[in-house]
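# Per-entry structural report
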Amino acid sequence: MKVRFTIVLLFFFNAVYSQLLSWSPDFVRESSLTIDIICDGSLGNQGLLNYASTNDVYIHFGIITNKSSNASDWQHVPAASVWATTNAAIKCTYLGASKWKFTITGGLRSFFNVTDPTEKISRIALLFRNGDGSKKVTNADGGDMYVPVYDDSLHVQLTNPLSKPDFTGSADVINKNIGESVAVVAKASQASDLKLYYNGTVLSAAAGVAEISGNAIITRAGVQTIIAEAVSGTFVKRDTISFNVNDPVTVAPLPAGVKDGINYEADATAATLVVYAPGKTRLTVVGDFTGWRENAAYQMNRTPDGKRLWLRIQALTPGTEYAFQYLVDGILKVADAYAEKILDPFNDTYISPATYPSLKAYPVGQTTGIVSILQTQQPAMVWQSAAYQRPDKKNLVIYELLLRDFLEAHDWKTLQDTLTYFKRLGINAIELMPVNEFEGNNSWGYNPDFYFAPDKYYGNAASFKKFIDACHANGIAVIMDIALNHSFGLSPLVQMYWDAAANRPAADNPWFNAVAKHPFNVGYDFNHETAATRDLVDRVVEHWLTNYKIDGFRWDLSKGFTQNNSCTTGNCDQSAEVGNWSNYDASRVAIWKRIYDKMQTVALGSYCILEHFADNREETELSDYGMLLWGNSNYNFSEAAMGYVPTSDFQYGIFTNRGWRNPHLITYQESHDEERLAYKNIQFGNSSAAGSGYDVKNPVTSLKRNQAAAAFWAMIPGPKMLWQFGELGYDFSINRCEDGSIKNDCRTNPKPIRWDYAADTNRQALYQVYAKLIKLKLFPSAAGTFTSSNITWSTNTAVKWLKINELSLRVMVIGNFDVVPQTTSITYPVAGTWYNYLSGGSTTASGQAQNITLQPGEYYVYTSRNMRDSVLGTVTVPPVDSTISSGNFEVGVYPNPVTSPAVITYSLPENGQLSIVLTDIAGRQISVLFSGSKEKGRYTAPLNTGTLQPGLYFMQVRFNGKKKTLKLLVIKR
């Protein structure tokens, strides 16, 4: 609501540029023909403080009307105002001293093209930004700025003390003590009888004036209230500002047993809040229990060493969620960095009740920015999988997934209901891309801001725990991808110590480097050698391993955990400095050994997986210490699948090739960050020069090429990882945009979810190859083979082979990755009968070199013992909720809850009569999906739910006199 003091000096208009936003006229109306708006870029978030490109500032604006649903619902945003554009129509005039002006002419309704006479404008909503949108001026808390719009009746506004140009016009920072004075000024839109009140007492009064002033003396601590009142005849208008005057901060030692964050106790009506904030003078807790006003009773105590502030909150209702923030030095509001749940005003409104039922509403109009939640007497999780033991890390088969792009429902309950899909595939670990709170909803999650709170976009904490518990009950480990190399600007740890002038963390930030120490850094770079960061990391590790029972972490950008400065060029050029960054770094090794030791202290055997890609000497040392490391073989496996032999040698994906003693290399063909093999095959695959018609670009051929690549990938001893839907030949580019175009800046955009792939015969064949290979790899009697170092190979020619010469089970993999037939000489590890594991049958090995001719893409996996029947005959696991006591046929639906597309899968142990009927909840038949005879085998069929209304349905399956009923929950997204 605020404008300015009136002074004699006129500069553009009657204002002093001492506040973030100022405007003329004082009372902007829809009919105002000229409206000047000035922004001081050195105030608020200081986004344009000392901005050198003074001719490169633009306004981004719209209006709030009676048709707006909330403060963020801008209406009539001019086309010229599109973000990161430089249209001259929205260009601002530089006034000097980090100030810019924009003028609206012709009246608001005309300017914003408001033609509906019933639509009324209440505010102009705006931001000031530079041309590419990388810098912007907002309120100090990051919120939008607003100019109020008045009707033609009587109005009054307090122009001093100043207010923030936020949606509610809340008081700007007022730091006053008892005995000091406050100058008060108010203006009216027309001559009227004006009064100023201070704490209920008339401060000054005047009749028939348009402006009034007074001077208030502060006599007590607590909430101070100033009211300006204008009276004209029977019309009365008021404007109010409240601010708090604090008592001196109490110095008191930290209570025993508490730690940074929210501390619960046996008394469910109380909790103790602790904040690590060295150098901060005063913190006050504001929230639901203070009416979102600063209250002297909620001023935090400071410890004698000045490093922490704390407060015990009492009179809480057990089980009730309370939203709160910390007001830091009377200026900045932040959430608790250790909070296990937050509310985000920018993104929570886009989370559906189906994903997060009964989500607490954000306190709109009472505060701004992210708020934290405390709740005593939270419901306890009753874990069911106490007997679970983690799979051997040396033989993990990890399925990496981004829940957003895996299931349309993107929630934990639906993912839990899809576990049978993973069981059929045979994997023993799921790696989740970051699921702690990150900025926004539509993200890969590598832009974290809160490390202890599961992101609400995927559901609530209880459902996440139930998912983990269900994974463990099925023998599947859960690995959490986490980004602790960096954090982003909404993190309280960043905000509390911020250098606005340099637009980076302040030099005294206890957690972050002011300038990143390495290339390829994103966000703000953690200093992992400070005590504050070490404590934070330890707390994060303990939180997820203990409270959620996850099995380990995949550490994003682990090579960035260093204080050795590899940025010698000043601008830290990536291409020039990546070599320095990758060199052996003893201090980085020490940091990782410390973190690994902490993990093992908390949860012995937990997995520590590094995305490192550093000097092999460093990776060898970390491997020897017990850590697992990512082994990116995407390029060479892709070249092999596409048929480009000279660049297809994937031997660096074999741990012994690196000289490692332990099979701690997680080899992968695809990850979230690599292009998809099937896409490259179809777009860039090789073809036969002889015109034989063999073409890798052919979709069917492409999938068969991926089978051959998978055979080598899976049989290499050591842990493995595959990216979601790779087992079905996912052929959409990693850089696909929602409109189908391919652009590099669409890399993290949502991708099509293609469960219908499972109904495609050729894709199902690829899936079956993956499943068979994984089941062999994880078969108990083969464990020694697939962790063995007795490996030899030839992978630099067209016909590649891999031998594992382990006495308990020997394996021979052979494949032709050329696009023409090839004849070569092969020597099996031992003479005798070798069994074709994938297709059946056998071959006889002489023990000497023998010639073999392979067609393009032809491959074999041979074992020294007949493993086919024993492995594939014993490890089939029926889907959850489809086990039949009187028989052994299987049926399942993926995903369930069902979105479109979905698939039905069923396995028949014998020939017989099958019927599949869909009914509603009352048992009324909706459709017959199949009725007739079927031969023994495994089948997949599409399930079209496009015509069904959301709700519960039943699928009645009958086979040879046996009956099974599956529940289907159909949802619409």
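Conventions adopted
- Residues numbered from 1 in each chain as written.
- Predicted model: local features only at pLDDT ≥ 70, side-chain atom pairs only at ≥ 80, totals over all residues.
- Heavy atoms only, no water.
- Helix = DSSP H or I, 4+ residues; strand = E, 2+ residues; numbered from the N terminus.
- Rg over C-alpha atoms; globule rule 2.2 N^0.38 Å.
- Contact = heavy atoms within 4.5 Å.
- Salt bridge = Lys/Arg side-chain N within 4 Å of Asp/Glu carboxyl O.
- Buried < 20%, exposed > 50% of the residue type's maximum accessible area, 1.4 Å probe, protein only.
- pLDDT = per-residue confidence, 0-100.
- Disulfide = S-S within 2.5 Å.
- Axes fitted to C-alpha atoms, helices over the stretch in contact; angles between N-to-C directions.
- Left-handed = near helix turned anticlockwise from the far one by under 90°.
- Nonpolar A, V, L, I, M, F, W, Y, C, P; charged D, E, K, R; others polar.
- Pairing = 2+ DSSP bridges.
- Phe/Tyr/Trp six-rings, centres within 6.5 Å; stacked < 30°, edge-to-face > 60°.
- Lys NZ or Arg CZ within 6 Å of the ring centre and 35° of its normal.
- Core = buried A, V, L, I, M, F, W, Y, C linked by side-chain atoms within 4.5 Å.

### Notes on the overall build of the chain
A count of helical and extended segments in the chain gives 15 helices and 49 strands. For 973 residues, the compact-globule estimate of 2.2 N^0.38 gives 30 Å, and the chain sits close to it at 33 Å. Taken along its principal axes, the extent of the C-alpha atoms in the chain is 110 × 70 × 65 Å. Taking all contacts inside the chain whose residues are at least 6 apart in sequence as the whole, residues at least 24 apart take part in 69%.

### A few points about the pattern of salt bridges
Under the counting rule described, the total for this entry stands at 29 salt bridges. When the shortest N-O distance is used, the salt bridge between Arg 29 and Asp 152 registers 3.3 Å. Remark: Asp 152 occurs in the loop between strand S8 (145–148) and strand S9 (156–160) and Arg 29 occurs in the loop between strand S1 (21–24) and strand S2 (34–40); sequence separation between them is 123 residues. Under the relative-accessibility criterion, Asp 152 is labelled exposed at 61%. Where Arg 312 meets Asp 267, a salt bridge forms, and the shortest distance between an N and an O atom there is 3.6 Å. Note that Arg 312 is positioned in strand S18 (residues 308–313) and Asp 267 in the loop between strand S14 (261–264) and strand S15 (271–276), a separation of 45 residues in sequence. Residue Arg 312 is classed as partly exposed on the basis of its relative accessible area, which comes to 32%. On the basis of relative accessible area, Asp 267 is assigned to the partly exposed category, the value being 34%.

### What to know about unusual backbone geometry
Of note, the bond from Ser 24 into Pro 25 is cis; its omega dihedral lies within 30 degrees of zero at 10 degrees. When you line up the elements, Pro 25 lands in the loop between S1 and S2. A cis amide bond links Asn 160 to the next residue, Pro 161, at an omega of 5 degrees. Considering the arrangement of structural elements, one finds Pro 161 in the loop between S9 and strand S10 (181–198). One non-glycine residue with positive phi stands out, namely Trp 292, at about 60 degrees. Tracing the backbone through its elements, the reader meets Trp 292 in the loop between strand S16 (283–287) and strand S17 (301–302). Residue Trp 292 is classed as buried on the basis of its relative accessible area of 6%.

### Details of the confidence of the model for the chain
Confidence in the prediction for the chain averages 91 pLDDT; 95% of positions are at 70 or higher. The low-confidence segment residues 1–18 (pLDDT under 50) makes 60 contacts with residues lying over four places distant or belonging to another chain. Across residues 874–887 the pLDDT falls below 50, and counting only partners more than four positions away or on other chains, this stretch makes 30 contacts in the model.

### Notes on the state of the cysteines
Enumeration according to the criterion identifies one disulfide in this entry. Each sulfur in the disulfide pair Cys 737 and Cys 746 lies 2.0 Å from the other. The sign of the S-S torsion, about 95 degrees, decides the handedness of the disulfide formed by Cys 737 and Cys 746: right-handed. Classification of Cys 737 by relative accessible area gives buried; the value is 5%. By relative accessible area, Cys 746 is classed as buried at 7%.

### Some remarks on the packing of helix H7 (residues 531–547) against helix H9 (residues 586–602)
Running from N to C, H7 and H9 cross one another at 35 degrees; their axes reach a closest spacing of 10 Å. At the point where H7 passes H9, the crossing takes the right-handed sense. Residues Arg 534, Val 537, Asp 538, Val 541, Glu 542, Leu 545 and Thr 546 of H7 lie in contact with H9, whose contacting residues are Arg 594, Ile 595, Lys 598, Met 599 and Val 602. Here the residues of the contact of H7 with H9 are counted per class, giving six nonpolar, one polar and five charged.

### Looking at the pairing of strand S12 (residues 222–232)
Each regular strand carries side chains that alternate between the two faces of the sheet. Relative to S12, S10 runs antiparallel, the two being bridged by six bridges. Note on S12: the bridge partner recorded for Leu 194 is Ala 230. The pairing of S12 with strand S13 (residues 235–245) spans 11 bridges and is antiparallel. Bridge pairing in S13 places Val 231 opposite Val 236. The turn joining S12 and S13, which pair antiparallel and follow one another in sequence, is formed by two residues; a positive phi near 65 degrees is taken by Gly 233.

### Some points on the packing of aromatic side chains
One pass over the structure, following the stated rule, counts 54 aromatic pairs. Measuring from centroid to centroid gives 5.5 Å for Phe 464 and Tyr 548, while their planes differ by 40 degrees, and the two rings are tilted. Placement of Phe 464 in helix H5 (residues 461–473) and of Tyr 548 in the loop between H7 and strand S30 (552–555) is noted, with a sequence separation of 84 residues between them. Across the pair, Tyr 548 and Phe 464 agree in class, each one buried. Through pairs of rings, three or more aromatic residues link up here, namely Tyr 399, Phe 406, Tyr 421, Phe 422, Phe 725, Tyr 730, Phe 732, Trp 755, Tyr 757 and Tyr 767. We note Lys 559 situated over the ring of Trp 581; from NZ or CZ to the ring centre the distance is 4.3 Å. We note Arg 763 situated over the ring of Tyr 757; from NZ or CZ to the ring centre the distance is 3.7 Å.

### Overview of the nonpolar core
One finds Phe 422, Phe 467 and Trp 555 to be the most contacted residues of the largest nonpolar core, which totals 153 residues. Sort the elements by how many residues they give to this core and helix H13 (residues 699–715) lands first, with nine residues. Every residue in contact with Phe 422, bar those within four places of it in the chain, is listed here: Tyr 399, Leu 401, Phe 406, Leu 415, Ile 427, Ile 430 and Ile 476. Counting residues in hydrophobic clusters, the runner-up holds 31 residues, among them Leu 48, Ala 80, Val 114 and Val 137.

### Concerning the sheet that holds strand S44 (residues 902–908)
To summarise the sheet geometry, strands pair through backbone hydrogen bonds and adopt either a parallel or an antiparallel arrangement. Spatial strand order, S43-S44-S47: three strands in an open sheet with antiparallel pairing. Where the open sheet ends on each side, the last strands, each with one partner, are strand S43 (890–894) and strand S47 (937–943). Averaged over all pairs of adjacent strands, the angle between their axes in this sheet comes to 15 degrees, without regard to strand direction. The pairing of S43 with S44 spans five bridges and is antiparallel.

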